[in-house]
Amino acid sequence: MDTLATAARPAEPYRRGGRGGAYVYDPAELDWREAGKAGVLQKVVRRDDERGQFLGLIAMEPMVRSGLHQHQGVATSYFVDGGLTDYQGAILAGQAGINLKGATHDAIAYARTLFVARLEGPVTYPPQDGPLHGLHAGARHALLSNPAPSVPPDINVSVDLLPEQGTGCDGVVRRTVFDYAPTADDHRMVQLSIRPQSRIPRLVVTGHTELWIRGGLLEVDGRVAHAGCFVILEPTAEVSLACPFGALVLAWAEGPAHWIDPPGSADGAAPPRADLFGYR
């Protein structure tokens, strides 16, 4: 895709295992869609109801409930505004929420709420709650029983308060939000803070990788991804990232990224050894 306007068209359903493409999605070019539940709207970047996978923005009006549901795969979110409350308590703007497989809860928005959502598995609702809606991709009916009632349904993380970690790139620091350690998946969710004019050597991603530009501006092979944009990198995608004016980026990586610039290229420095997303 050659331009941001073309790339902004939603890829639905998005097919994994592609040919190593890199895509930029501007949510300003995506329509708000009704989710089949009053007071809930979505901007869909990627949705697969068969697998229960989703990436995009969700907006909820005050006093709207999700309804009782159970996650059958990992779900992660970042709250831009407002918040949700369940029996554990509240998650607020500036926090990331993680729901592990088996998390069972009912969440309500007491204020107008906007969040970035990423689902990695379907969600089940009790049949007695009536017709299914589209708040969660891949929603299904099933009898619910909380498999671990002593385990909180949410892991809530204040992202900007996490410790900084080096990435091997001068001017780029990482905060690890979730390393997926309690799961069977070797994935990472991180925040990257990129100083203006930082050089990131060309890299290849080995697993499906998704970015959300929280602030600033990132160039992906010369295509502009400004604040609010999403970036999808298919496995084996080779990209150059540039940041002339600084950027704050949330990233989900399903495999490490390898540097492919040879030593001595560009500014004469060898590429860093550390993985951008925190793999060892």
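As shown above, the structure is provided for reference.
Notes on the structure in this doc start here. (Residues numbered from 1 in each chain as written. Predicted model: local features only at pLDDT ≥ 70, side-chain atom pairs only at ≥ 80, totals over all residues. Heavy atoms only, no water.)

**Details of the side chain of Asp154**
Mapped onto the elements, Asp154 comes out in the loop between strand E15 (140–141) and strand E16 (155–158). Nearest to the buried, unbridged Asp154 among oppositely charged side chains is Arg65, at 14 Å. In contact with Asp154, other than residues within four places in its own chain, are Asp86, Gln88, Ile98, Asn99 and His105. (Helix = DSSP H or I, 4+ residues; strand = E, 2+ residues; numbered from the N terminus. Buried < 20%, exposed > 50% of the residue type's maximum accessible area, 1.4 Å probe, protein only. Lys, Arg positive; Asp, Glu negative; His and termini not counted. Salt bridge = Lys/Arg side-chain N within 4 Å of Asp/Glu carboxyl O. Contact = heavy atoms within 4.5 Å.)

**Re the pattern of salt bridges**
One pass over the structure, following the stated rule, counts 13 salt bridges. Arg202 is the salt-bridge partner of Asp221, the closest N and O atoms lying 3.2 Å from each other. Here Arg202 lies in strand E20 (residues 198–205) and Asp221 lies in the loop between strand E21 (209–220) and strand E22 (223–226), a separation of 19 residues in the sequence. Ionic contacts of the salt-bridge type, sharing partners, join the residues Arg46, Arg118, Glu120, Glu210 and Glu254 into one network.

**Quick look at the sheet that holds E16**
In spatial order, the strands read E2-E3-E4-E13-E7-E10-E16; together these seven strands make up an open sheet with antiparallel pairing. Strands at the two margins of the open sheet, each flanked by one partner only, are strand E2 (33–34) and E16. (Pairing = 2+ DSSP bridges.)

**Quick word on the environment of Gly228**
Within the fold, Gly228 resides in the loop between E22 and strand E23 (230–233). Spatially, the C-alpha atom of Gly228 lies 5.4 Å from that of Ile213, the residues being 15 residues apart in sequence. With sequence-adjacent residues up to four places away left out, Gly228 is seen in contact with Pro27, Trp212 and Ile213.

**With respect to empty space enclosed by the protein**
Applying the stated criterion across every chain yields a total of two cavities of 30 Å³ or more. In this structure, the largest cavity spans a volume of roughly 340 Å³. Ser77, Leu84, Asn99, His105 and Phe115 are, among the 27 residues lining the largest cavity, the residues nearest its centre. Going through the elements one at a time, strand E4 (53–60), strand E6 (69–71), strand E7 (75–81), strand E8 (83–86), strand E9 (89–92), strand E10 (95–99) and strand E13 (113–120) are the ones with two or more residues in the lining of the largest cavity. Of all the elements, E7 adds the most residues to the lining of the largest cavity, at four residues. Looking at the second largest cavity, its volume works out to about 80 Å³. (1 Å grid on protein atoms, 1.4 Å probe; cavity = no way out; pocket = protein on both sides within 12 Å on 5 of 7 lines; lining within 4 Å. Points joined across faces, edges and corners; volume = space filled by probe spheres on them.)

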